[in-house]
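The chain contents come next:
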Amino acid sequence: MSLRSEAPLVKICGLSTPDTLEAAITAGADQIGLVFFPKSPRHVSLEQARALADQARGRAAIVGLTVDATDGAIDAIMEAVRPDWLQLHGSETPERVAAVKQRAGVFVMKAVGLATAADLAAAEPYAQVTDRILFDAKPPKDAALPGGNGVAFDWTILKPIDEPFMLSGGLSPDNVAEAVRISGAAAVDVSSGVETEPGRKDAALIAAFVHAARCR
Ligand SMILES: O=C(O)c1ccccc1NCC(=O)[C@H](O)[C@H](O)COP(=O)(O)O
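Predicted model, so just to flag it, every value in this text is computed and none were measured.

## Some remarks on the overall build of the protein
- A tally of regular secondary structure across the protein gives six helices and ten strands.
- Against the compact-globule benchmark of 17 Å for 216 residues, the protein has a radius of gyration of 16 Å, which places it among compact chains.
- Projected onto its principal axes, the C-alpha positions of the protein cover 40 × 40 × 35 Å.
- For the protein, with 216 residues in total, the buried portion stands at 51%.
- Working note: accessible area of the protein is about 9,600 Å², and carbon and sulfur atoms make up 54% of it.
- Counting 21 positive and 27 negative side-chain charges, the protein places the averaged centre of each group 1 Å from the other.

## A few points about the sheet that holds strand β3 (residues 61–66)
- In space, the eight strands of this closed barrel follow the order β1-β2-β3-β4-β5-β6-β7-β8, with parallel pairing throughout.
- One ladder, built from six bridges, connects strand β5 (residues 107–114) with strand β6 (residues 132–137); its direction is parallel. Within the sheet, the bridge partner assigned to Gly113 lies in β6 and is Asp136.

## Concerning the pattern of salt bridges
- Scanning all chains against the criterion turns up 15 salt bridges.
- Linking Arg42 and Glu195 is a salt bridge whose minimum nitrogen-to-oxygen distance equals 2.8 Å. Taken together, the residues span a long stretch of sequence, with Arg42 in the loop between β2 (31–36) and α2 (46–56) and Glu195 in strand β9 (residues 195–197) at a distance of 153 residues. Note on accessibility: Arg42 and Glu195 belong to one class, buried.
- Residues joined by salt bridges that share partners form a network here, namely Asp71, Asp75, Arg96 and Arg103.

## Let's talk about the side chain of Ser16
- Inspection of the secondary structure assignment puts Ser16 in the loop between β1 (9–12) and α1 (18–27).
- In this view, Ser16 contacts Arg42, Val44, Gln48, Leu52 and Gly199; residues no more than four positions away in its chain are not counted.

## As for the packing of aromatic side chains
- Scanning the model with the defined rule gives two aromatic pairs in all.
- Taking 5.5 Å as the distance between ring centres and 70 degrees as the angle between the ring planes, the aromatic pair formed by Phe135 and Phe165 counts as edge-to-face. A residue pair is termed long-range when its members are at least 10 positions apart, and Phe135 in strand β6 and Phe165 in the loop between β6 and β7 (166–167) qualify at 30 residues. For the pair shown, Phe135 and Phe165 are each scored as buried.
- Stacked on the ring of Tyr126, the Lys or Arg Lys110 has its end atom at 5.5 Å from the ring centre.

## Points about the UniProt feature "domain: N-(5'phosphoribosyl) anthranilate isomerase (PRAI)" (unreviewed entry) in the protein
- UniProt marks residues 10–211 with the feature "domain: N-(5'phosphoribosyl) anthranilate isomerase (PRAI)" (unreviewed entry), using the numbering shown here.
- Taken end to end, residues 10–211 comprises 30% helix and 22% strand; its first and last C-alpha atoms sit 10 Å apart.

Cut-offs and rules
- Residues numbered from 1 in each chain as written.
- Predicted model: local features only at pLDDT ≥ 70, side-chain atom pairs only at ≥ 80, totals over all residues.
- Heavy atoms only, no water.
- Helix = DSSP H or I, 4+ residues; strand = E, 2+ residues; numbered from the N terminus.
- Rg over C-alpha atoms; globule rule 2.2 N^0.38 Å.
- Buried < 20%, exposed > 50% of the residue type's maximum accessible area, 1.4 Å probe, protein only.
- Areas by Shrake-Rupley, 256 points an atom, 1.4 Å probe, with all protein chains shown as cover.
- Lys, Arg positive; Asp, Glu negative; His and termini not counted.
- Charge placed at Lys NZ, Arg CZ, Asp CG, Glu CD.
- Pairing = 2+ DSSP bridges.
- Salt bridge = Lys/Arg side-chain N within 4 Å of Asp/Glu carboxyl O.
- Contact = heavy atoms within 4.5 Å.
- Phe/Tyr/Trp six-rings, centres within 6.5 Å; stacked < 30°, edge-to-face > 60°.
- Lys NZ or Arg CZ within 6 Å of the ring centre and 35° of its normal.
- UniProt positions renumbered as here; feature names shortened; annotations may be inferred.

In structure tokens form, the structure reads like this:
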């Protein structure tokens, strides 16, 4: 069982404007996520992402989020954006995760969707090939997106996990402190919980989230 005392690392995902990116960095976010998934309201073009990454570089770690991306798409992101991490949020196999990590030469985080404790087994094959597991809520059956759905799950199922992990899924300024306390997460990730509508991040909510995550 992991009982952590240090403050968790904070990632704000799905940033798409210079103002909200600046708000995240000013608030003290450790990682900023850029979504490359055209169906998402948070999708950014390579040009947008390049500018946002230039703004963030050296101030927060840059995470490029992809969903079952091809080698060509990975190469294009690496060349244009130069992220510090790639977040793989589709149905990438452990072999594919290893191949992407080798090809891109950066840290790789694999998202694993959870609804019940039985789903934890799906994370095991990724332990050796990924730098971090991101436990996210399983998307609702009719969801258009594999993530960023604002859905939470039972955080107690994560208590037995010993390795440091990142937690996401329905987190907000109101529940993140409790989520960290219950789950023992070393890191937290939020998207819709700091938005006023899908894709529209809010500077005050971002600041409140970072503060709440750190001040337990
Ligand atoms: O956020 C998106 O639009 C998205 C699209 C496709 C795949 C993943 C996506 N987001 C993943 C994230 O990292 C989110 O932060 C995570 O799923 C939590 O989202 P939320 O429950 O909205 O905080």
